[in-house]
Amino acid sequence: MDLLGQYLVNGIMLGTIYALVAVGFTLFFGVLDVIKFSHGDVLMVGAFAGFTAVVGAAWLGITNPLAQLVASVVFAVVGTAALGAAIAKWLILPLKNAPRLNILLVTLMLGTALREVVRLFYPDGSNPKAFPALLPTSAWNFGNFTLRADSVLLVFAGLAVIVGLHVLINRTRLGLAIRAVAQDEETARTMGINYTLIVLVTFALGSGIAAIAGVMNGLYYNEVNFGMGLLLGLIGFSAAIIGGLGNLYGAILGGFLFAGLQMVGAVALPFASAYKDVFAFAVVIAVMAWKPTGLIPERSSERV
Amino acid sequence: MSTILRFSVGAMLSAALMAAPLGGAFAKDKVKVAFIGPLSGGNASIGVGGRNSAELAVKIRNADPKAKYTYELFSQDDECKPNVGVQVATKAASDRKVVGAIAHYCSAVAMSTVDVYHKFGLPTIVWGAVLPDITYGNDYPEIHRVNGTMVNQNEVAADFMTKMGFKTWVILHDTTDYGKGHNAYFSKFLTAKGGKVLATFGVTADQQDFTAELTKAKEMKPDVIYFGGLTPLGVRVRQQMDKLGITAQFEGVSGIVSSAFLEGLNPKLSEGIIALREGAPVEKLPGGQYFMAEYDKAKFDQGPDAYGPFAFAATTLLLDAVEAVGPNRKKVTAYLGKVKDKDSITGPISFDDHGQNTVAAITKYVVQDSKWVLWEDSEYASGQRKLVGR
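Residues numbered from 1 in each chain as written. Chains lettered and ligands numbered in written order. Predicted model: local features only at pLDDT ≥ 70, side-chain atom pairs only at ≥ 80, totals over all residues.

### Examining the overall build of chain B
Defined as follows: In DSSP terms, a helix is any run of H or I states spanning at least four residues, a strand is any run of E spanning at least two, and both are numbered starting from the N terminus. The burial label depends on the number of other C-beta atoms within 10 Å of a residue's C-beta. Counts of 20 or more mean buried, 12 or fewer mean exposed, and intermediate counts mean partly exposed, with C-beta atoms placed from the backbone. Residues are defined as contacting one another if the C-beta atoms placed from their backbone atoms lie within 7 Å.
Scanning chain B from N- to C-terminus turns up 14 helices and 12 strands. Counting every position in chain B, which comprises 390 residues, the buried fraction comes to 54%. Nonlocal contacts in chain B, meaning residues at least 24 apart in sequence, comprise 72% of its contacts between residues at least 6 apart.

### Some remarks on the overall build of chain A
Using the following cut-off: Atoms counted for the radius of gyration: C-alpha only. Globule rule: 2.2 Å times the number of residues to the power 0.38.
The number of helices and strands found in chain A is 11 helices and 4 strands. A compact globule built from 304 residues would reach a C-alpha radius of gyration of about 19 Å, and chain A, at 19 Å, matches this within 12%. Projected onto the principal axes, the alpha-carbon positions of chain A cover approximately 60 × 50 × 35 Å. Residues classed as buried in chain A amount to 51% of the 304 residues present. In chain A, 76% of the contacts between residues at least 6 apart in sequence involve partners at least 24 apart.

### Some points on the sheet that holds strand β2 (residues 69–77) of chain B
Residue and element names in this part refer to chain B. The condition that has to hold: Strands are treated as partners if at least two bridges between them are detected by DSSP. For every element, the axis is a line fit to its C-alpha atoms; helices are fit only across the contacting stretch, and the angle between N-to-C directions ranges from 0 to 180 degrees.
Taken in spatial order, the 5 strands make up an open sheet running β2-β1-β3-β4-β5, and their pairing is parallel. Of all the strands in the sheet, just β2 and β5 (143–145) have a single pairing partner and so form its edges. The average undirected angle you get between the axes of adjacent strands in this sheet is 25°. As judged from the 9 bridges shared by strand β1 (residues 29–37) and β2, these two strands associate in the parallel manner.

### A short note on the interface of chain B and chain A
Bring the parts together and some accessible area is lost; that lost area is often taken as the interface size. With 25 residues of chain B at the interface, the matching set in chain A holds 25 residues. Sort the elements by how many residues they give to the side of chain B that touches chain A and helix α8 (residues 211–220) of chain B lands first, with 7 residues.

### Overview of the nonpolar core
Residues and elements named next belong to chain B. Threshold: What makes a nonpolar core is a set of buried Ala, Val, Leu, Ile, Met, Phe, Trp, Tyr and Cys residues, with links drawn between C-beta atoms within 7 Å. Start and end positions for the domains come from either an automated domain assignment or a database one.
Residues A101, I102, I225 and A314 are the most contacted members of the largest nonpolar core, which totals 112 residues. For this core, the element with the highest residue contribution is helix α13 (residues 308–325), accounting for 10 residues. The residue makeup of this core includes at least three contributed by each of domain 1 (29–148 + 282–359) and domain 2 (151–278 + 364–377). Filtering out sequence-adjacent residues up to four positions away, I102 remains in contact with V33, F35, A54, I125, W127, A311, A314, T315 and L318.

### Regarding the domain arrangement of chain B
Residue and element names in this part refer to chain B. In plain terms, the rule: Throughout, the ten residues Ala, Val, Leu, Ile, Met, Phe, Trp, Tyr, Cys and Pro are labelled nonpolar, Asp, Glu, Lys and Arg are labelled charged, and all others, Gly among them, are labelled polar.
Split by domain assignment, chain B resolves into domain 1 (29–148 + 282–359) and domain 2 (151–278 + 364–377). For domain 1 versus domain 2, the distance between C-alpha centres works out to 28 Å. With 17 residues of domain 1 at the contact, the number on the domain 2 side is 17 residues. For the side of domain 1 that touches domain 2, the leading source of residues is helix α4 (residues 107–120), giving 3 residues. Across the side of domain 1 that touches domain 2, the residue classes tally to 9 nonpolar, 7 polar and 1 charged.

### Here's the deal with the pairing of strand β2 (residues 139–142) of chain A
Residues and elements named next belong to chain A. Relative to strand β3 (residues 145–148), β2 runs antiparallel, the two being bridged by 4 bridges. Of the residues in β3, the one forming a bridge with A139 is R148. Connecting β2 to the antiparallel partner β3 that follows it, the hairpin turn spans 2 residues, and G143 within it adopts a positive phi of roughly 60°.

See the structure below:
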């Protein structure tokens, strides 16, 4: 029984990270009907920004882990949000009326460019970086089940971000504007909503959340590398798709579902764990065939 | 233009043209040798250490007034990826000026490039990859290897660990030829010595999360977790073992004996890790003192790491071959095929009929205070410190 608990905790941790990535995909699709394939690499940039902030803080003589953590998160979120808004302003909005395939391709290429830029220009960028453990490392043991304080904190931080996003979308004027743009661009414009600004804010929001996921990933695995966004982006996208692209709750459900599938793939199946990703993605394909619009489809009257 | 002027311009031109080849005849001919290894990515510290050592060998030779040629090192990054490896191997092999190659640390890469070297007839000396099939899986006369294979390494490892009293193992290995090879040989020797493998997990070479595999391993309560793979994955596995509260002894293979492995882990986690490697450590090598002195003199920005001496020995051997028979690939291959008891800083080199050097020594390492220490010299052997559960 205690082992089940361990698997559950592992899965929840992974699911939280996946959900945060999937939420970004779903936000962008909800508001602008675009699929931004560079999302995973934006996350990687966020993780590196966070890592740079920690190194920078240490260099400035700030040794308090909490201060380093705050610096890391703030720097990563602000920097990556700016990057997301810039991508929206100069790459995605100009192509708004072009075929959707173009945006998909442009962002796919942008992702590769971001990855290579970090690899080539970040000092020693092609090597994995050891992300310092900034969270308390105490652990509680219950037989075979070890619960670590840092994992618990990370899960709660992730859930807080998701709840915060929910409140922002449903309870604030900004959220109302985002929902209005998602529903009907023309009407939103005539009602006096600054369309461009809302799109930029949405992209900044999604990218900032990706940066949090990136820093969480770094804190959890104590490592960041330039290729980390590739698989995470793909998993986040798949999670958003099985949950129902455009629906916030679908993305969260999808993220946890995918983490669960990977766990089952590694643990319960009789064949080698090397096939866990094969298994998880195969199930994604099956779900897509069964419910092409995802488990919680985007309602045409209410997006995001 | 007057005739005289035209004549004088012509004379000057022809004089200049004649002078050029004359000037060249006094300089030595240029010969290129290729170095291929992982210069970027998680195994870069090994690759760059190897590259520096090869460069050192070339520098020393170029400084030697008796040398017949001037050598140039053509160094290429295989990124420890088979597809990139084939590209750069083809690039080196198809360059007619390259007479030989010192190639590969990653076995999976070497496995996919040996065919290229054979096709182009490029004599190649492997400096770090340990999979037996690189030399024994083919009959290519071009392929040689100065370092040992993982067969001996795992035989000694199995013997050593069972004698220490460890009884049960869980094996994690990457699913490349390299990791699979380690798993196969270690399991075979371990079972023969009476050790028990409780479970074996194959993981992909770029996997990030091992919590599922490790949680399952934890349930089985093994004495030892054996990891067959390279440094980046080894760091992650060790870190996640700690996150799950697994206290079993961690045993690695030669792929984690690198400075990057120790830099990636905090000292508390790396303490007491055991790994074996073929060949003696640099300070115990016959030419180790000389090598380290020269290496320090060259002021490279990082150390030679675990396989630098092999890269140095391989490069020196290749340059000796070119000096002896000239920059001709076929002749160099023939020369290397006959190498017996040739002196090198790693000890005498003798190639068998598959081009494999018959190095015997396997070195046991244990991490003590964030350093790879010879087992015999460590506080673990003298009993001042204890391995997990001993």
